[in-house]
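Spelled out from the first residue to the last, the chains are:
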Amino acid sequence: MSQKPKISAIMTTYGHEKFIRQAIEGILVQECEFEVELIIANDCSPDRSDEIINDILENHPNKSWIKYFRHEKNLGSMSNFLFALKECKGEFIALCEGDDYWTDPLKLQKQIDFLDENPDYVACFHKIEILKTDGTIVKDFITNVPENHETLEALAEFGNYIHTPSVVFKNNIIELPFEFKLTPIGDYFLYIMLAEHGKFKFIEEVMAVYRHGVGILSADDSILKSKKWIDCLVLIISCCKNQEIKRILYKRYKISIEGLYRNTLKEKKESFFQTIRKKAKKIKNRIMLQILNSK
């Protein structure tokens, strides 16, 4: 790489051997008028990810873009991300985890052009499509971007409506708060911090694919997701200095707590009746066996 990169793309990976090649190649085919670096942080993945990445490092024409790190011990997803973030030299940062992929070779050029021309914006994101576990690609059914989506207040009120492989942001966070290292949901926490410095732009073009049911969070059950979301909100509130944002987040926290309580009661109730049905079935089978044996 002949000069400082304009943008650094972060790719954290663990257990992505089936997807990692497509994820990397979606970045290496980008057509840009500036330098790009790709930071790949392999969190001691036990599969063939390392072998696949090294093959790309040897053979791809844009292999010089890649800075590859393979940890000897598993750090965990947040520590691995923080490691990769510190390695970024670019003026801007893009995100793409090892199980997602970009589909538009002009994605970075479009997003950087917008951010360069609009200095009051700190980040931009775009539409994505979702790859379901059965192999079909469909429109986004997970997020709903509100009409008023550009501000910190909107992010606090409506939650996370930004898909990770779609976002590009200014590399302007000098120091991350201690709470960020503890959060189970890093992307939303990051967006809240970024939005303290400027607006977010939504580009209505599909330029990436998100794999549903593959990542750590998407594979969790609803109660575990709720617990992680509540933990994230508590940590953001803990370090947030804006009192109005704290008020909005606390309202969301209370709603989430109530939802978790209802879901937990529902699960316990369903579990209770399942146990009763199983016992009833055993008793019925025992009675039927006794009747047959008495004949």
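As a reminder, the structure under discussion sits directly above these lines.
Residues numbered from 1 in each chain as written. Predicted model: local features only at pLDDT ≥ 70, side-chain atom pairs only at ≥ 80, totals over all residues. Heavy atoms only, no water.

Caption draft 1: Here's a closer look at the overall build of the protein. Tallying secondary structure elements over the protein gives 8 helices and 9 strands in all. For the protein, the proportion of its 295 residues judged to be buried stands at 45%. Excluding contacts between residues fewer than 6 apart, the proportion of contacts in the protein whose partners are at least 24 apart in sequence is 77%. (Helix = DSSP H or I, 4+ residues; strand = E, 2+ residues; numbered from the N terminus. Buried < 20%, exposed > 50% of the residue type's maximum accessible area, 1.4 Å probe, protein only. Contact = heavy atoms within 4.5 Å.)

Caption draft 2: Highlighting the environment of serine 238. Turning to its location among the elements, serine 238 is positioned in helix α7 (residues 222–239). Taking relative accessible area as the criterion, serine 238 reaches 45% and is therefore assigned partly exposed. Here the alpha-carbon distance between serine 238 and proline 177, two residues 61 residues apart in the chain, equals 9.9 Å. At 3.0 Å, the side chain of serine 238 forms a polar contact with the side chain of glutamate 179. (Polar contact = N/O pair within 3.5 Å; in protein donor to acceptor, adjacent residues only side chain to side chain.)

Caption draft 3: Up close: the nonpolar core. Counting residues in each nonpolar core, the largest one holds 45 residues, and the members touching the most others are Leu155, Phe180, Tyr188 and Phe200. Excluding its chain neighbours within four sequence positions, the residues that come into contact with tyrosine 188 are Leu155, Ala156, Gly159, Asn160, Trp229, Cys232, Leu233, Ile236 and Leu249. Met11, Ile20, Tyr121 and Ile130 belong to the second largest nonpolar core, which has 35 residues in total. (Core = buried A, V, L, I, M, F, W, Y, C linked by side-chain atoms within 4.5 Å.)

Caption draft 4: A look at the pairing of strand β1 (residues 7–13). Taken across its 7 residues, β1 has 7 buried, putting it largely inside the fold. Judged by which residues are buried, β1 turns out to be covered on both faces: Ile7, Ala9, Met11 and Thr13 on one side and Ser8, Ile10 and Thr12 on the other are all buried. For β1 and strand β2 (residues 36–42), the ladder comprises 7 bridges, and the chain directions are parallel. Within β2, the position partnered with serine 8 by the bridge is glutamate 37. Crossover β1 to β2 through helix α1 (residues 20–28) is right-handed. (Pairing = 2+ DSSP bridges. Right-handed = clockwise from strand over helix to strand, strands pointing away.)

Caption draft 5: Molecular detail of helix α2 (residues 49–59). Those residues of α2 that fall on the buried side of the exposure criterion are Ser49, Ile52, Ile53 and Ile56. Seen from one end, α2 has its buried residues packed into an arc of 95°, which puts them on one side. For α2, the exposed residues lying more than 90 degrees away from the buried face are Glu58 and Asn59. Residues of α2 that are buried sit in contact with β1, α1, β2 and β3 (66–70). (Arc of directions from axis to C-beta.)

Caption draft 6: Spotlight on the packing of aromatic side chains. Tallying each qualifying case throughout the model produces 9 aromatic pairs. Arranged with centres 6.4 Å apart and planes meeting at 55°, the rings of phenylalanine 81 and phenylalanine 180 form a pair that is tilted. Of this pair, phenylalanine 81 sits in helix α3 (residues 77–87) while phenylalanine 180 sits in the loop between β8 (168–170) and α6 (186–195); the two residues are 99 residues apart in sequence, bridging distant segments of the chain. Across this residue pair, the class does not change: phenylalanine 81 and phenylalanine 180 are buried. Summarising the aromatic geometry, the rings of phenylalanine 125 and tyrosine 161 are spaced 6.1 Å apart at their centres and angled 45° between planes, so their arrangement reads as tilted. Of this pair, phenylalanine 125 sits in strand β6 (residues 121–131) while tyrosine 161 sits in the loop between α5 (152–158) and β8, placing them 36 residues apart in sequence. (Phe/Tyr/Trp six-rings, centres within 6.5 Å; stacked < 30°, edge-to-face > 60°.)

Caption draft 7: Region of the structure containing the pattern of salt bridges. The tally for this structure, following the rule as stated, stands at 11 salt bridges. A salt bridge links glutamate 87 to lysine 67; its shortest N-O distance comes to 3.8 Å. Taken together, the positions of glutamate 87 in helix α3 and lysine 67 in strand β3 put the pair 20 residues apart, joining distant regions of the chain. A residue is classified by how much of its surface remains accessible, and lysine 67, at 25% relative accessible area, is partly exposed. (Salt bridge = Lys/Arg side-chain N within 4 Å of Asp/Glu carboxyl O.)

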